Amino acid sequence: MRKTLSFTAMALALVGTTAIAEPTGTFRQAHEFGFGAQSSLDPISKGRVFQITEKIMSRLVRPDMDGRPAPDLATAWSANADATEWTFSLRDGVMFHDGSSFGAEDVVYSLQRVLDPANDSPARAAIAMIDRVEAVDATTIKLTLSASFADLPLLLMDYRLRMIPEGSGDTIATTGIGTGPFRLVNFDAEGTTRLVANMDYFEGPPGVAEMEIIGIPDAQARLQALLGGQIDMERGISAQQSVMLSSSDRFNIQMIPTGNWRGLVFRTDVAPFDDVRVRQALRLAADRQAMVDLVMGGGAVVACDTPVGPRDQYRAQIDCPQDIDRARALLAEAGFPDGIDIDLHVATLEPTWPVLAEVYQQQAAAAGIRVNIVQVPTDGFWSDVWMQKDAVTTRWNERPADQALNEVYVSTARWNESYYRDADFDALLANARQELDFDARRALYIQAQEHLWQTAGTLIPYHVTRLVGTSARVGNLDAVENMSVRWHLVTVD
Amino acid sequence: MLSMLMRRSALGLITVWLVSIIIFIGVEILPGDACTAFLEREAQGLLLENCRRDLGLDRPAWMRYGEWAANALSGNLGVSPDGQRQISELVGYRLRNTLLLASGAILCGIPLALFLGIVAALWRDRPFDIIVSTTAIAAMTIPEFVSATLLILIFSVWLGWVPGIVLTSSNAPLAEFFPEVLLPIAVLTLVMTAHILRTVRSSVIETLASDYAQMALLKGVPYWQMVFRHVLPNALLPTINVVALTIAWLLGGVVVIETVFNYPGLGRMMIDSISDRDLPVTQAIALIIASVYVGVNLLADLLTMVANPRLRTAHLRGK
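What you see is a predicted model, and the numbers here were worked out from it, not measured in a lab. (Residues numbered from 1 in each chain as written. Chains lettered and ligands numbered in written order. Predicted model: local features only at pLDDT ≥ 70, side-chain atom pairs only at ≥ 80, totals over all residues.)

## Focus: the overall build of chain A
Argument step 1. Helix and strand content of chain A: 15 helices and 19 strands.
Argument step 2. When the 493 residues of chain A are sorted by exposure, 47% land in the buried category.
Argument step 3. Of the contacts formed within chain A by residues at least 6 apart in sequence, a portion of 70% connects residues at least 24 apart. (Helix = DSSP H or I, 4+ residues; strand = E, 2+ residues; numbered from the N terminus. Buried ≥ 20, exposed ≤ 12 C-beta atoms within 10 Å, placed from the backbone. Contact = placed C-beta atoms within 7 Å.)

## Brief notes about the overall build of chain B
Argument step 1. Counting its regular elements, chain B contains 16 helices and zero strands.
Argument step 2. Counting the 319 residues in chain B, one finds 36% classified as buried.
Argument step 3. Long-range contacts, defined here as pairs at least 24 residues apart, represent 69% of the contacts in chain B between residues at least 6 apart.

## Considerations on the packing of helix H5 (residues 87-122) of chain B against helix H11 (residues 239-251) of chain B
All names here are of chain B.
Argument step 1. Running from N to C, H5 and H11 cross one another at 150 degrees; their axes reach a closest spacing of 9 Å. Accordingly, the angle class assigned to the pair H5 and H11 is roughly antiparallel. As H5 packs across H11, the resulting crossing turns out to be right-handed. Contact with H5, carried on its side by Thr98, Ala102, Ala105, Ile106 and Ile110, involves Val243, Ile247, Leu250 and Leu251 of H11 and no other residues of that element.
Argument step 2. Along the lines of polarity and charge, the residues of the contact of H5 with H11 split into eight nonpolar, one polar and no charged. (Axes fitted to C-alpha atoms, helices over the stretch in contact; angles between N-to-C directions. Parallel < 35°, antiparallel > 145°, perpendicular 65-115°, else oblique. Left-handed = near helix turned anticlockwise from the far one by under 90°. Nonpolar A, V, L, I, M, F, W, Y, C, P; charged D, E, K, R; others polar.)

## Quick notes on the interface of chain A and chain B
Argument step 1. Each partner contributes to the interface: chain A provides 30 residues, whereas chain B provides 34 residues.
Argument step 2. For the side of chain A that touches chain B, the secondary-structure elements that each account for two or more residues are helix H6 (219-227) and helix H12 (381-385) of chain A.
Argument step 3. Looking at which element gives the most residues to the side of chain A that touches chain B, the answer is H6(A), with four residues.
Argument step 4. Residue composition of the side of chain A that touches chain B, by class: 13 nonpolar, nine polar and eight charged.

## Things to note about the nonpolar core
Argument step 1. Judged by nonpolar contacts, the single largest core of 136 residues is most densely connected at Leu188(B) and Ile285(B).
Argument step 2. Excluding residues within four positions of it along the chain, Leu188(B) makes contact with Leu101(B), Ala105(B), Leu250(B), Val254(B) and Ile257(B).
Argument step 3. Ala286(A), Leu331(A), Ile340(A) and Trp382(A) belong to the second-largest nonpolar core, a separate cluster that totals 44 residues. (Core = buried A, V, L, I, M, F, W, Y, C linked by C-beta atoms within 7 Å.)

## What about the sheet that holds strand S7 (residues 140-145) of chain A?
Residue and element names in this part refer to chain A.
Argument step 1. Spatially, four strands are ordered S4-S5-S7-S6 in an open sheet, and the strand pairing comes out antiparallel. The open sheet terminates on both sides in strands that have one partner only, identified here as strand S4 (74-79) and strand S6 (130-137). When the angles between neighbouring strand axes are averaged without regard to direction, this sheet yields 20 degrees.
Argument step 2. Bridge count between strand S5 (residues 85-90) and S7: five bridges; the pairing is antiparallel. Paired with Ser89 across the two strands is Thr140, which belongs to S7. (Pairing = 2+ DSSP bridges.)

## Quick look at helix H6 (residues 127-141) of chain B
Residue and element names in this part refer to chain B.
Argument step 1. When the terminal C-alpha atoms of H6 are compared, their 21 Å separation across 15 residues agrees well with the 21 Å that a helix rising 1.5 Å per residue should span.
Argument step 2. Every buried residue of H6 is accounted for by Val132, Ser133 and Ala136. Angularly, the buried residues of H6 cover 95 degrees about the axis, an arc narrow enough to put them on a single face. Opposite its buried face, H6 presents the exposed residues Pro127, Ile131, Thr134, Ala138 and Thr141, each directed more than 90 degrees away.
Argument step 3. Buried residues along H6 sit in contact with H5 and helix H8 (182-208). (Expected span 1.5 Å × (residues − 1). Arc of directions from axis to C-beta.)

## Looking at the domain arrangement of chain A
All names here are of chain A.
Argument step 1. For chain A, the domain assignment lists domain 1 (21-232 + 473-492) and domain 2 (259-466).
Argument step 2. In this assembly, 13 residues from domain 1 lie in contact with 14 residues from domain 2.
Argument step 3. For the side of domain 1 that touches domain 2, the class distribution of residues is eight nonpolar, two polar and three charged. (Domains from an automatic or database assignment.)

## Describing the domain arrangement of chain B
Argument step 1. Split into domains, chain B comes out as domain 1 (9-73) and domain 2 (92-275).
Argument step 2. Measuring from the centre of the C-alpha atoms in domain 1 of chain B to the corresponding centre in domain 2 of chain B gives 36 Å.

## Re the packing of H6(B) against H8(B)
Residues and elements named next belong to chain B.
Argument step 1. The geometry of H6 relative to H8 is characterised by a closest axis approach of 8 Å and an angle of 125 degrees between their N-to-C directions. With respect to each other, H6 and H8 are oriented oblique. Considering the relative orientation of H6 and H8, their crossing is left-handed. Across from Ala136, Ala139 and Met140 in H6, the residues of H8 making contact are Leu190, Val191, Ala194, His195, Leu197 and Arg198.

## What to know about the pairing of strand S8 (residues 182-186) of chain A
Argument step 1. When S8(A) meets strand S9 (residues 192-197) of chain A, the two strands line up antiparallel, connected through four bridges. Bridged to Leu184(A) within S9(A) is Leu195(A).

## Some remarks on unusual backbone geometry
Argument step 1. Put simply, Ala271(A) and Pro272(A) share a cis peptide bond, and its omega is 0 degrees.
Argument step 2. Along the chain, the position of Pro272(A) falls in the loop between strand S12 (251-266) and helix H8 (276-284).
Argument step 3. Backbone torsion omega between Phe178(B) and Pro179(B) reads 0 degrees, so that peptide bond is classified as cis.
Argument step 4. Looking at where Pro179(B) falls in the secondary structure, it is placed in the loop between helix H7 (144-158) and H8.

## Observations concerning the confidence of the model for chain B
Argument step 1. Across chain B, the average pLDDT comes to 87, with 96% of residues at 70 or higher.
Argument step 2. The ipTM, which scores confidence in the relative placement of chains, is 0.81 for this predicted complex, and the corresponding pTM is 0.85. (pLDDT = per-residue confidence, 0-100.)

## Brief notes about the environment of Glu210(A)
Residues and elements named next belong to chain A.
Argument step 1. Mapped onto the elements of the fold, Glu210 is located in strand S10 (residues 210-215).
Argument step 2. Taking the number of C-beta atoms within 10 Å as the measure of exposure, Glu210 has 18 and is therefore partly exposed.
Argument step 3. In this structure, the C-alpha to C-alpha distance between Glu210 and Gln240, residues 30 residues apart in sequence, is 31 Å.
Argument step 4. Dropping the residues within four chain positions of it, Glu210 is found in contact with Thr26, Arg194, Leu195 and Val196.

## Some points on the environment of Lys46(A)
Argument step 1. Assignment of secondary structure puts Lys46(A) in the loop between strand S1 (26-31) and helix H2 (50-56).
Argument step 2. Sequence spacing of Lys46(A) and Phe35(A) is eleven residues, and the spatial spacing of their C-alpha atoms is 8.3 Å.
Argument step 3. Apart from residues lying up to four places away in sequence, Lys46(A) is in contact with Pro122(A), Phe38(B), Leu39(B) and Glu42(B).

Following this line, the structure appears as structure tokens:
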């Protein structure tokens, strides 16, 4: 009898730790309070605090651990033959935090809100090819595109495209009602925002009972808070700071390769950069591995001027060793046997820019490229320097391959920072979008990146590896970028 | 005396007005505006136009200043960029928090500085004086962000006695700032004590060496009576201005300390509002800080005058 009892107790205990585990503990993290008083819970506004929206709202499609589309609020999808009409089946029985049920009308509303020019959403550019959003029935929606697009699900993974209740556009900025694993208790961007576990979350109750998202603008203060045990996680620790964490068993560090890139942009529409040989020489002069070591303390993955991240399924494998002799020869061929002089505009907006510029200055000097570093103020950098001066620094956050290539390199792109105009490249991308066969599509995207390596005016030496510091009490945190983390799995001791 | 008070007050008001113009011009000539700061790389085309129209930035600068000044005179400091809250309310909480930090530092720092300074002067060149003076020089020369980081490392990271960073919201009840506010108060106390202490010490030593102090001793006044009745009242007069400046510095928001500790006070709000180009908030804080400086200095001069009869009648004798 006693044996049976203890067996039952054990079974109960086992069940208790797995299936019906009560959410326990509080997980605390910081955000930069980067948008000040304009901080908002509206996922598509410029002031969105994504560290909060990612936990309270869901997307139709989200990235799996390899960055490929996986079901979130949509469970299945399919396209017609030329990929201009997409049908998404929605999850049944999902409730919003206010108790209303989620359905096709909410999706139609949420997506139309992004597409409405009157709303000025920065997310609009990402899905501008969507022409019409319709509800087929309560759990099915149909998207009609203006042109064929084979990877639409990839774009719907965008961290801003979160579903909100129909008609909630005017209040969502403060109510934050969604279908995510956590529910908003109070929103205080400059102080502490509190979330509690959503016990009705469609993938089961989350691991932690509460989350606190705290506004700490100063990076040093955030690190101090982590060291002092006041927050449990800090994303984006520098290589120098990581030493403090790795020497202690109270903390863990995750190294996450990202698609975030930094680089130098040379405008392809002005002399001398309008000569493709000069552009090649400028990029051949760079020793990228040395840049990774010197600028990033080894925390980056070498890139050969492709914006596509190292973990992206469409990333091209290119080899790009430094070649000073070839750079010199190309410059001579282009009519600059004595080398060229460049004014490179650098701000401290991104702390690694000045270091990157100095390392490049040293490396390029060997090829007769004399770089004069011009310090410009951080304020007004994006409006007065970037896309205005001939040679500037740049930085971008991870985007899916198609988005990265389209938003920054296509002739008509709003953010075409190098004024790159190449009909062949545009055609490659347009074809890739329409190609329904994965392997053929992948070949086209790779060809496009190789074309950039031959002709681009942008030097992208590496993709940043993000260091995430956590306190040892945190468990089950997926070692991937923010937009892919499954926050409901996180636990704290 | 009354006319002097009136004259100084009028001058003070003019100073505050000039400050508001200087701040306005200063923020205007910085590259970029509230919209480019917020939109960053999306600051193009329609998005930028709409933003500027919403915030009224499409009008000429003098018109915006005039409108702001007219509103400010009637006590209306404007609303936050999201249009939800009054700036006076937002700034009010920050001012309260800065006052909490400042009064904590003043209550700990001034008595401590007076005590240590006087004792060090009386025991001049003895071990106590040497220790106090050396520590004071160290506290003054080490930048405050370094001492702040050191204190966090010792008391928060290693010992775990107090939280290192302030995580309380700016509008939380004052009680919730404890114990988080203790470390910032400690750092401020350290810095301000050192400054005041050194002034007190040298002033007391100077007075002790004066003819009238020596005279008092020679005519047989007991040492302690001489110290308390003749030396201290005269020695402490010059320190009033140092104390006043220190208080004004504290009330103006101690930017570095507030940033290191993430303390929601006036100083950090000022920095944030400048980087956001949030002119109404910048102006409101500038007004407060300027008024505090003018007010505290006026008060210090009055106190000195009350304590020193010679100054009180100086303008009469001049005639």
